[in-house]
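Observations on chain architecture
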Amino acid sequence: MIYIKTAEEIEKMRAACDLVSRTLGEVAKWVKPGVTTLRLDTIAREFILDNGGKPSCLGYHGFPGTLCIEVNETVVHGFPSNYALREGDIIGTDCVAELDGFHGDSCYTFAVGEVDEKVRQLMKVTEESLYKGIAAAKEGKRIGDISNAVQTYCERHGYSVVREMCGHGIGKSMHEDPEVPNYGRRGIGPVLKNGMCIAIEPMINLGSKNVKISAEDGWTCRTRDGKPSAHYEHTIVIKGETPEILTTFDYIEAALNGKDS
Ligand code: MF3
Ligand code: CO
């Protein structure tokens, strides 16, 4: 069942998405060598709570964090821990916040200090693929058009697309219909309608597409070959030819640029 949001509901989605975007902007200020992922998680949780929201992932089927922590070969769903970030790591922080009954979902992969050029390129292409997917999200087109845009762009650069995890509809629940795979054929799947809210989230590997879930914690999803994976995510609403991107990386970019000066 795909829920089409009313104008009033989209306004609430905007607010939830702004909160999650500002939360990642706070996290961005702290991403540097020596900082533990637990510290980043605390910053996110406190920021969401201080702003009247609820961390959606915390306690979701027992998930222990506000952020999903994705260091290097971790694709998704890693736990915050005492691991201290090291120069050369990349770290994805995936965050969902609920405000006034609606959820906003976004993810950004950060470089910790100087990162290998090959990995930087993976991050850049993955982020670009997110915007390729968004550009394909036009009223009257189908989910497969988004999927195909992401896949084609990433594979053209020699990367592989994770199959096991997908984007998703979002609203009163963090995960709603439809599924939004990052691979697939054009012209298949549900038709995109104005007012549909979806989270698009390419998870792209430098090496092979294969992943495995940790037997130890039942959550942490890593690449099988141990090579890095990048992940970026926006929540959008379908709106004619040009969807509205409800989340933004502007707060993150402002924080990262502030850091350099
Ligand atoms: N942000 C994730 C997503 O995009 C949700 C994490 S699920 C949780 O689907 F269990 F870790 F909360
Ligand atoms: Co998501």
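Being a predicted model, the structure only gives us computed values, none of them experimental.

Applying the stated criterion to the full structure yields zero disulfides. Note on C95: no disulfide assigned, nearest cysteine sulfur contributed by C57 at a separation of 6.8 Å. For C95, a relative accessible area of 0% corresponds to the buried category.

With that settled, consider the coordination of the cobalt ion (ligand 2). Within the protein, the atoms that donate to the cobalt ion (ligand 2) are D105 (OD), H168 (NE2), E201 (OE) and E233 (OE), at distances of 2.0 to 2.3 Å. Classification of D105 by relative accessible area gives buried; the value is 2%.

Turning next to the environment of Y153. Along the chain, Y153 falls in helix 4 (residues 143–156). Accessibility expressed as a relative area gives 10% for Y153, which makes it buried. Between the C-alpha atom of Y153 and that of L19, which follows or precedes it by 134 residues, the distance is 30 Å. For Y153, the contacting residues outside a window of four places in its chain are V125, E128, S129 and K132.

Take the pairing of strand 5 (residues 102–111) next. In terms of burial, strand 5 is largely enclosed, as nine of its ten residues are buried. As judged from the ten bridges shared by strand 4 (residues 90–99) and strand 5, these two strands associate in the antiparallel manner. Paired with I91 across the two strands is F110, which belongs to strand 5. Hairpin connection, strand 4 to strand 5: the antiparallel pair is bridged by two residues, and D100 has positive phi, about 50°.

Our focus in this paragraph is the sheet that holds strand 12 (residues 221–223). The strand order across the open sheet formed by three strands is 3-12-11, and the pairing between neighbours is antiparallel. Of all the strands in the sheet, just strand 3 (74–76) and strand 11 (211–213) have a single pairing partner and so form its edges. Between one strand and the next, the sheet's axes are offset by a mean angle of 40°, whatever the strand orientation. Pairing between strand 11 and strand 12: three bridges, direction antiparallel. Its bridge partner being in strand 12, K212 is matched across the sheet by R222.

Rules used throughout
Residues numbered from 1 in each chain as written. Chains lettered and ligands numbered in written order. Predicted model: local features only at pLDDT ≥ 70, side-chain atom pairs only at ≥ 80, totals over all residues. Heavy atoms only, no water. Disulfide = S-S within 2.5 Å. Buried < 20%, exposed > 50% of the residue type's maximum accessible area, 1.4 Å probe, protein only. Donors = N, O, S within 2.8 Å, 3.2 Å for Na, K, Ca; no water. Helix = DSSP H or I, 4+ residues; strand = E, 2+ residues; numbered from the N terminus. Contact = heavy atoms within 4.5 Å. Pairing = 2+ DSSP bridges. Axes fitted to C-alpha atoms, helices over the stretch in contact; angles between N-to-C directions.

No statement about biological role is implied by the geometric values presented.
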